[in-house]
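# Coordinates in review
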Amino acid sequence: MKHNAIELYGYHVWANDKIFNHLKTLPRDTYDAVIQSVFPSLSKALIHIYRVDVMWLGAISGDSYEHMVTEIQRVLKETKGIGLEDLQQLYHQAAEQFQAFFANNDMDVVKAYPHPQYGTLNASNADIVQHLVNHGTYHRGNITAMLRQQGHPGIPTDYAFYLYEVRD
């Protein structure tokens with residue numbers, strides 16, 4: 001039986017794709033339009049979600065804090081000025097890396113996650129995935145508000161809609 005955290009991650013991937021595919025139906029400049037909001041643009045919001053996903057993948061994979069800082073710098077360079085389709089491809093590559101991690105690791109194992117500012121967090125892989133999904137959901141809500149600010153509709157990405165689609 002699939003661990004609940006892995007199913008939740010499937011929802012995260014589904015919801016992100018819903019956002020990307022919706023943005024592809026809107027005027028091209030919507031993605032990079034500078035607005036006064038939580039993020040200065042939709043592209044910056046999407047890059048933020050991706051950057052945090054990559055960071056947590058490194059953390060659950062056992063990367064050192066120093067390695068993750070280097071990885072985040074790489075991601076910032078890699079995503080600077082990136083187009084919508086290319087960013088979606090990076091999301092898909094990260095999802096494949098998460099799936100490989102899930103296939104080879106116990107979701108209930110607890111690890112220590114040291115942080116220079118917040119101290120050490122003892123959490124299971126499932127806890128971290130739950131956090132990652134919650135983080136993405138929070139910012140997809142920001143994205144919906146930002147779309148409405150620009151005069152465009154959002155797209156429903158609630159977990160129940162995911163369940164309707166995958167459990168029919």
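Described below are features of the structure shown in this document. Numbering of residues starts from 1 in each chain and follows the order in which that chain's sequence is written. Confidence filtering applies because this is a predicted model: local features only for residues at pLDDT of at least 70, side-chain atom pairs given and counted only at 80 or more, and all residues used for totals across whole chains, interfaces and linings. Hydrogens are left out, water is left out, and the side-chain values use all remaining heavy atoms of the structure.

What follows covers the overall build of the chain. In DSSP terms, a helix is any run of H or I states spanning at least four residues, a strand is any run of E spanning at least two, and both are numbered starting from the N terminus. What the chain contains, in helices and strands, is 6 helices and 2 strands. What you see in the chain, going N to C, is helices and strands ordered as α-α-α-α-β-β-α-α. Atoms considered for the radius of gyration are the C-alpha atoms alone. The globule rule reads 2.2 Å times the number of residues to the power 0.38. Taking 168 residues into account, the globule formula puts the C-alpha radius of gyration at 15 Å, and the chain, at 16 Å, falls close to it. Projected onto the principal axes, the alpha-carbon positions of the chain cover approximately 45 × 40 × 25 Å. A buried classification covers 44% of the 168 residues belonging to the chain. By sequence separation, contacts in the chain at least 24 residues apart represent 72% of the contacts at least 6 residues apart. Surface accessibility in these figures is a Shrake-Rupley result with a 1.4 Å probe; residues are shielded only by whichever protein chains are displayed. In the structure as shown, the chain presents an accessible area of about 9300 Å², 54% of it carried by carbon and sulfur atoms. When a residue's accessible area, from a 1.4 Å probe over protein chains only, is under 20% of the maximum for its type it is buried; when over 50% it is exposed; and in between it is partly exposed. Contacts: residue pairs with any heavy atoms within 4.5 Å of one another.

Before going further, it helps to examine the environment of Gln-117. Along the chain, Gln-117 turns up in the loop between β1 (110-115) and β2 (119-124). Placed 61 residues apart in sequence, Gln-117 and Trp-56 show a C-alpha to C-alpha distance of 16 Å.

For Gly-62, the position within the fold is in the loop between α2 (42-60) and α3 (65-79). Note on Gly-62: relative accessible area 60%, which makes it exposed.

Right, let's talk about the pattern of salt bridges for a bit. Counted as salt bridges are all cases of a side-chain nitrogen of Lys or Arg within 4 Å of a carboxyl oxygen of Asp or Glu. In the structure shown here, the tally under the stated rule is 5 salt bridges. One salt bridge connects Glu-85 with Arg-28, and the closest N-O pair in it is separated by 3.1 Å. Placement of the pair is Glu-85 in helix α4 (residues 84-104) and Arg-28 in the loop between α1 (4-23) and α2, with a sequence separation of 57 residues. Glu-78 is paired through a salt bridge with Arg-74; the nearest N and O atoms lie 3.1 Å apart. Of the two residues, Glu-78 and Arg-74 both sit in helix α3, 4 residues apart, roughly one turn of that helix. Counted as one network, the salt bridges with shared partners bring together Glu-71, Arg-74 and Glu-78.

With that out of the way, let us pick up the pairing of β2. Should DSSP find at least two bridges between two strands, the strands are regarded as paired. Inspection of the sheet shows β1 paired to β2 by 6 bridges, in the antiparallel sense. By the bridge assignment for β2, Pro-114 is matched with Thr-120. Counting the residues in the hairpin turn of β1 and β2 gives 3 residues.

Only rings of Phe, Tyr and Trp enter the pairing, Trp through its six-membered ring, and a pair is recorded when the two centres are within 6.5 Å. The plane angle decides the type: under 30 degrees is stacked, over 60 is edge-to-face, the rest tilted. For the structure on display, the rule yields 12 aromatic pairs. Centroid distance Tyr-11 to Tyr-162: 5.7 Å. Interplanar angle 65°. Geometry classified as edge-to-face. In this pair, Tyr-11 is assigned in helix α1 and Tyr-162 in helix α6 (residues 159-166), connecting sequence segments 151 residues apart. Summarising the burial analysis for this pair, Tyr-11 and Tyr-162 share the class buried. A network of ring pairs unites the aromatic residues Tyr-9, Phe-98, Phe-101 and Phe-102 as a single cluster.

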